[in-house]
Structure formats: structure tokens, C-alpha cells
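Below, each chain spelled out in residue letters.
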Amino acid sequence: MRKPAAEAVAPATARPLVSVVVPAYNAAWSIDQTLASVCAQTYPNFEVLVVDDGSTDATAEAVGAWTQADPRVRLLRKPNGGVASARNLGVREARGTYVAPIDSDDLWAPDNLERQVAALEEAGPDAFLSFARTVYVDPDGVPMPSDPPKPPQVDFRGLLLRNSVANGSAAVFRRDRLIEAGGYDEGLRAAGGQGAEDWKLILTLAARGQVVHVPAPTVHYRICRDSMSHAVPVMRRGALMVIDHVRRHGPRLAPWTYWHARTLMMTWMLPRALQAHDWREAAGLAARAYLLNPFWWVNPEPRGLIGRILWAGLRKAAKRLRGARPAETAETEAA
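Residues numbered from 1 in each chain as written. Predicted model: local features only at pLDDT ≥ 70, side-chain atom pairs only at ≥ 80, totals over all residues. Heavy atoms only, no water.

Looking at the layout of surface pockets
Now for step 1: Estimates place the volume of the second largest pocket at around 270 Å³.
Now for step 2: Together, 14 residues line the second largest pocket, and Ile243, Arg247, Pro255, Tyr258 and Trp259 are the ones closest to its centre.
Now for step 3: Taken together, the elements giving at least two residues each to the lining of the second largest pocket come down to helix H9 (232–249) and helix H10 (255–275).
Now for step 4: A class-by-class count of the residues in the lining of the second largest pocket yields 8 nonpolar, 1 polar and 5 charged. (1 Å grid on protein atoms, 1.4 Å probe; cavity = no way out; pocket = protein on both sides within 12 Å on 5 of 7 lines; lining within 4 Å. Points joined across faces, edges and corners; volume = space filled by probe spheres on them. Helix = DSSP H or I, 4+ residues; strand = E, 2+ residues; numbered from the N terminus. Nonpolar A, V, L, I, M, F, W, Y, C, P; charged D, E, K, R; others polar.)

Rendered as C-alpha cells:
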């Protein structure tokens, strides 16, 4: 484990305290790297609350070594209750003006907190949260190939149609506003929709105040095959619950706005279901994305995805045909 040197532990300053909340479940394999990236922040005034959510591995022991090496790190332990309950415990125990969640397998660039707190301070009290740009990395922390980032949308409607925040490690919240919004919805897990809690909270806050975007790519989101982001049925249930909730309780928007939100979210999940060869789930996603939205074709994103899927299918079919020709020729010559 890379432990911070004693001189790296910054004293409290007049700058606002930030409470970094790290929910952790069986995270012994990654928690050292995550805490190293947090404790290396250039922002000088923060605390770190790691919430061990009933881990059965050596997560608590790994975090315990950090608590001895760095007085800013605290370990909280609780029975397993899901990521929302772990984050909420961290928020309750937090002492900071701002709360910065990060998942136990994600990483921050050293200037992440510096940039996000500066953006919030500059925007003033009407800014309820900020978020930075995300870079997707593999299990070893190596950046993965991706399309150029799209311009973010930071109003309620834009965040509903396209969740520009993207993940639970990218945002920094005003703690008082987060608490006023009710925190993370722990009921989604009981309803089989765990994983959409951060999107629901962000939409709740975006309906009430300003959201600030920090264009720097300071959040590294780790993509692992067994991570929650690959559990497509759970993601689908959670997304539909959130869309239905904000349709009933959020700002009054045209009905087709919520149809488009459903289409875009289901379209985003569709390639994951296809990669997993879950044809039944893929068919359900396609039905919700296209058949249940009579105006899906007016949105270029689902149109473009359909084109990419068809093109990829044609390329695979052509590749299989090219691979079959030599064998067919050999069989003909042998006959």
C-alpha cells in the first residue's frame, strides 16, 4: 500500500472542509488505489469516511492501515444494506460543507477536488452540485478507447435525457442541499433497482438549483465485468423507476420528454445486453426504447445506435462468410 508521507497530511485551513465518502463492499482488491488517489488531492482541507458495508473480505483491515497512516481517514462499519445506505451513513457522519462520494474502485486525478470546489465557490450558494468529466478505465486503471465526449447538459431536462454526470464518483454536493433532498434513495435496492440512486439524487437537486460542470477529465471510472454497471436488468429497473418518479414529482415537462428519456436510457443499455448475449433482455430494451415511443425517430441518438448495431451485424456476418470460404473450398477439393 502506498501510504502518504507525514508532511503530505495537510492541516485544516480556512477553506471549506470536504467530506469524501467511500462506500465499500468487498473492496480489498481496489481500496488502496482509491484511497491513494483521494489522499493525493491538491485540495488541502478534507476528511475521508470509508463505509464498510458488511464486507466479508479484508476491506476493513486494508482501510485500518490507512487510518493509522493518515488522520484524515476514518472507517465506519455497518451491516450490508447497499450502496445508498452506505453513502447515507457517510453523509450523516460527515462534517464538511461539501460531500464528495467516490466508489471504492474508482480513482481521482490529484486536482479533482481543487477544481470542483473552486467551481462551486465561484458559482455561489445557488449551485447545489458540480461534476467533472469522466474517463473510463479498465481494471488495471488504463484508459479505454472511447468516442469524443459530448457537450454536457446541466439543466434538469438535459440531465434527464442524458445523464452527463455519468456515475456516482463524479459529483461534489453541498451537504445541506443533499440532506434537504433526502439523500440517496435506499428504497431502490429493495425494489430491485439499485444503482440508479445517484441519478435520482442529481435530478432532484437539478430541479431545485444550479448544476456546475467542470470540463477537466479528473474522474477515472473503472469498468469491470462483474461491476454493477454491467447488471443490465438491475440498471433497467432502476432507470425506469427514476424516470417514473420524476415524471410524477418533478418539473412539468411535455410527455414525450419522458418518452425520449426512456428511449435514450434503454438504447444506452442495449449494447450491453447484446454483448452479454441476453437476447430476451435486449428485446425488452428495444421494445421500451422504440415501440413504446412513437416519436423515437426524431432523436438522432437512438437512430444512430440502430445504424451502428446493423452495421456491426453486417460486418460480423461478412467476417463469418470470409472465414467459412476456405473450409468450403477444402471440402470440395477433398470430394
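Once the structure has been displayed, the description carries forward.
Focus on H9
Now for step 1: With 18 residues, H9 extends 26 Å from end C-alpha to end C-alpha; this agrees with the ideal 26 Å at 1.5 Å per step.
Now for step 2: Within H9, the full set of buried residues consists of Val232, Met235, Arg236, Gly238, Ala239, Val242, Ile243 and Val246.
Now for step 3: Considering only its buried residues, H9 is in contact with helix H5 (156–161), helix H7 (187–190), helix H8 (197–206), H10 and helix H11 (279–291). (Expected span 1.5 Å × (residues − 1). Buried < 20%, exposed > 50% of the residue type's maximum accessible area, 1.4 Å probe, protein only. Contact = heavy atoms within 4.5 Å.)

Some words on the sheet that holds strand E2 (residues 46–53)
Backbone-to-backbone hydrogen bonds pair the strands of a sheet. The strands run either parallel or antiparallel.
Now for step 1: What the 8 strands build is an open sheet, ordered E3-E2-E1-E4-E7-E6-E8-E5; its pairing is mixed. This sheet does not close on itself; its edge strands, each paired only once, are strand E3 (73–78) and strand E5 (107–108).
Now for step 2: As paired elements, strand E4 (residues 98–101) and strand E7 (residues 171–174) share 2 bridges and run antiparallel to each other. Note that in E7 the partner of Tyr98 across the bridge is Arg174. (Pairing = 2+ DSSP bridges.)

Section: the packing of aromatic side chains
Now for step 1: Per the counting criterion, the structure on display carries 3 aromatic pairs.
Now for step 2: Residues Trp259 and Phe295 carry aromatic rings whose centres are separated by 6.2 Å and whose planes lie at 15° to one another, so their mutual orientation is stacked. Remark: Phe295 occurs in the loop between H11 and helix H12 (300–334) and Trp259 occurs in helix H10; sequence separation between them is 36 residues.
Now for step 3: Between Tyr290 and Trp296, the ring centres sit 4.7 Å apart and the planes meet at 85°, which makes this aromatic pair edge-to-face.
Now for step 4: Take Tyr290: its relative accessible area is 10%, and that puts it in the buried class.
Now for step 5: Of note, Arg272 hangs over the ring of Trp268, and the distance from its end group to the ring centre comes to 4.0 Å. (Phe/Tyr/Trp six-rings, centres within 6.5 Å; stacked < 30°, edge-to-face > 60°. Lys NZ or Arg CZ within 6 Å of the ring centre and 35° of its normal.)

Quick word on the pairing of strand E6 (residues 127–137)
Now for step 1: Among the 11 residues of E6, 9 are classified as buried, and the element is accordingly described as predominantly covered.
Now for step 2: Of the pairings in the sheet, the one linking E6 to strand E8 (residues 210–222) comprises 9 bridges and is parallel in character. Each bridged residue has a counterpart across the sheet, and for Phe131 the counterpart in E8 is His213.
Now for step 3: Where E6 and E7 come together, 3 bridges link them in antiparallel fashion. When the sheet's bridge partners are listed, Leu129 is paired in E7 with Phe173.

What to know about helix H1 (residues 31–39)
Now for step 1: Within H1, 7 of the 9 residues are buried, which leaves the element mostly enclosed by the surrounding structure.
Now for step 2: Burial in H1 covers these residues: Ile31, Thr34, Leu35, Ala36, Ser37, Val38 and Cys39.
Now for step 3: Those residues of H1 hidden inside the fold are in contact with strand E1 (18–24), E2, helix H2 (59–69), E3 and E5.

Structural notes on the environment of Pro110
Now for step 1: Along the chain, the position of Pro110 falls in the loop between E5 and helix H4 (112–123).
Now for step 2: Overall, Pro110 belongs to the partly exposed group, its relative accessible area being 44%.
Now for step 3: Linking Pro110 and Thr218, residues 108 residues apart in sequence, is a C-alpha distance of 7.7 Å.

Here's the deal with the packing of H9 against H11
Now for step 1: Axis separation between H9 and H11 bottoms out at 11 Å; the angle between their running directions is 25°. One finds that H9 runs roughly parallel with respect to H11. Seen along the crossing, H9 lies across H11 with a hand that is left-handed. Two secondary-structure elements touch here, H9 through Val232, Pro233, Arg236 and Leu240 and H11 through Glu281, Leu285 and Arg288.
Now for step 2: Partitioning the contact of H9 with H11 into residue classes produces 4 nonpolar, no polar and 3 charged. (Axes fitted to C-alpha atoms, helices over the stretch in contact; angles between N-to-C directions. Parallel < 35°, antiparallel > 145°, perpendicular 65-115°, else oblique. Left-handed = near helix turned anticlockwise from the far one by under 90°.)

A few points about the packing of H9 against H10
Now for step 1: Put simply, H9 and H10 touch, their axes get as near as 10 Å, and they point 175° apart. Viewed along their axes, H9 and H10 adopt a mutual orientation that is roughly antiparallel. Each of Val232, Met235, Arg236, Ala239, Leu240, Ile243, Val246 and Arg247 in H9 lies in contact with H10, whose residues at this interface are Tyr258, Ala261, Arg262, Met265, Met266, Trp268, Met269, Arg272 and Ala273.
Now for step 2: Tallied by class, residues from the contact of H9 with H10 come to 13 nonpolar, no polar and 4 charged.

Details of the nonpolar core
Now for step 1: One finds Val18, Val20, Val48, Val50, Leu113, Leu160 and Phe173 to be the most contacted residues of the largest nonpolar core, which totals 79 residues.
Now for step 2: Per-element tally for this core: the top contributor is H10, with 8 residues.
Now for step 3: Setting aside anything within four residues of it in sequence, one finds Leu113 in contact with Val18, Val20, Gln41, Tyr43, Phe46, Ala100, Trp108 and Val172.
Now for step 4: Formed by 5 residues, the second largest nonpolar core is a distinct cluster that contains Leu49, Val51, Ala86 and Leu89. (Core = buried A, V, L, I, M, F, W, Y, C linked by side-chain atoms within 4.5 Å.)

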